[in-house]
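Listed here are the chains, written in short residue letters.
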Amino acid sequence: MATDDEEGQGVEAVGRADAVRLTEQLRAAIGEARRAAVVLAVRVRDAHRARVWVALGYSGWGAYAVGELGISRTQAYRLINIAESAGALDRAIGAAGVLGPVSPAGDTGTAPVDLGLSQRALREVHGRLDELTRAVTERLTTAVQAGPVEPSAVRAIVGQAVGELRRMPLPAADESAGDDEAVERVLADAERWPADTAVVRRLVDEMATLGGRLGRVTLELAPAYLSEQEAVGKILGDFADEVGCDVETILAVRRYALTGDRRALEGTWL
């Protein structure tokens, strides 16, 4: 059945039952991807801390990331940033005395609180983790003092703090070193332990599989003959809001489903 509004002319709209089904599939796939992405990010961070490229004979971290994990040096550093941000939030929430397992991806424990944070959000607050943890701990501590804090309240408080920081300009950077050098400096004295490269590579493959699954759902909603602008304006923009995902990620997985080229996923979960 075609839509009646002018914007939707020429696009076949799914029925209500299909719309509900596809929305649930999108929400489930995005949740699964978020959980897997945090696990992947932690594994990549561990591999970096362990300096695994030395034992495997690579010239450096970038060569190892490309050769063993199938991702670029930039992507690998993004994942490290995600892991650092996720860990900082875990510590901040724990310091506030919120009971029960909590994770930015809702991936640990028996009854996790899903904060619904995208990997983009976790990357963008990485440069100001001290501010973030302080704000989250203070606000959650105040909330806990008033009584039990429901998961939805934790999610709202953390989301508000993250959103505020993302809108604020970053302080002037130290131009004497690049981003990669800054990461190296932060991690230089970190504890090192063995990391299983094969496990990390499997996680990378899993993320690509999830991206493909999500992309196929978006193509069912917005067929390939639609341009990206048409797909967002007529269909995918509303669905992105509904499932709690940014439009850029929705379009990236759609491009991946169309092309099969993993480079389309760069900047999303990979």
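Calculation criteria
Residues numbered from 1 in each chain as written. Predicted model: local features only at pLDDT ≥ 70, side-chain atom pairs only at ≥ 80, totals over all residues. Heavy atoms only, no water. Helix = DSSP H or I, 4+ residues; strand = E, 2+ residues; numbered from the N terminus. Buried < 20%, exposed > 50% of the residue type's maximum accessible area, 1.4 Å probe, protein only. Lys, Arg positive; Asp, Glu negative; His and termini not counted. Salt bridge = Lys/Arg side-chain N within 4 Å of Asp/Glu carboxyl O. Contact = heavy atoms within 4.5 Å. Phe/Tyr/Trp six-rings, centres within 6.5 Å; stacked < 30°, edge-to-face > 60°. Axes fitted to C-alpha atoms, helices over the stretch in contact; angles between N-to-C directions. Parallel < 35°, antiparallel > 145°, perpendicular 65-115°, else oblique. Nonpolar A, V, L, I, M, F, W, Y, C, P; charged D, E, K, R; others polar.

Caption draft 1: Geometry of the overall build of the protein chain. If you tally the helices and strands in the protein chain, you get 11 helices and two strands. Taking all 270 residues of the protein chain together, the buried fraction comes to 46%.

Caption draft 2: Fine view of the side chain of Arg-123. Turning to its location among the elements, Arg-123 is positioned in helix H5 (residues 119-124). One buried charged residue, Arg-123, remains without a salt bridge, the closest side chain of opposite sign being Glu-124 at 5.9 Å. Those residues in contact with Arg-123 that lie beyond four places of it in its chain are Arg-78, Ile-82, Gly-267 and Thr-268.

Caption draft 3: Highlighting unusual backbone geometry. Phi angles above zero are rare outside glycine, and Arg-51 is one such case at about 50°. Secondary-structure assignment places Arg-51 in the loop between helix H1 (16-49) and helix H2 (52-55).

Caption draft 4: Geometry of the packing of aromatic side chains. The full count for this structure, using the stated rule, is four aromatic pairs. Seen in terms of ring centroids, Trp-61 and Tyr-77 are 6.5 Å apart; in terms of plane orientation they differ by 65°. Their pairing is edge-to-face. Within this pair, whereas Trp-61 is found in helix H3 (residues 61-69), its partner Tyr-77 is found in helix H4 (residues 73-95), the two being separated by 16 residues in sequence. Like Trp-61, the residue Tyr-77 is buried in the burial classification. In this structure an aromatic cluster arises from ring pairing among Trp-53, Tyr-58, Trp-61, Tyr-64 and Tyr-77.

Caption draft 5: A look at the packing of H1 against H4. Between H1 and H4, whose axes approach to 8 Å, the crossing angle comes to 110°. What the angle tells us is that H1 and H4 run roughly perpendicular. Where H1 abuts H4, its residues Val-38, Leu-40, Ala-41, Val-42, Val-44, Arg-45, His-48 and Arg-49 lie against Ala-76, Tyr-77, Leu-79, Ile-80, Ile-82, Ala-83, Glu-84 and Ala-86. Class assignment of the residues belonging to the contact of H1 with H4 gives a composition of 12 nonpolar, one polar and three charged.

Caption draft 6: A look at the pattern of salt bridges. Inspection of every chain in the model, using the stated rule, returns 13 salt bridges. Among the ionic pairs, Arg-27 bridges to Glu-24, the shortest N-O distance being 2.6 Å. You can see Arg-27 and its partner Glu-24 sitting in helix H1, three residues apart, about one turn around the helix. We classify Arg-27 as partly exposed; its relative accessible area is 30%. For Asp-205, the salt bridge goes to Arg-262, with nearest N and O atoms at 2.9 Å. Note that Asp-205 is positioned in helix H9 (residues 197-221) and Arg-262 in the segment after helix H11 (247-259), a separation of 57 residues in sequence.

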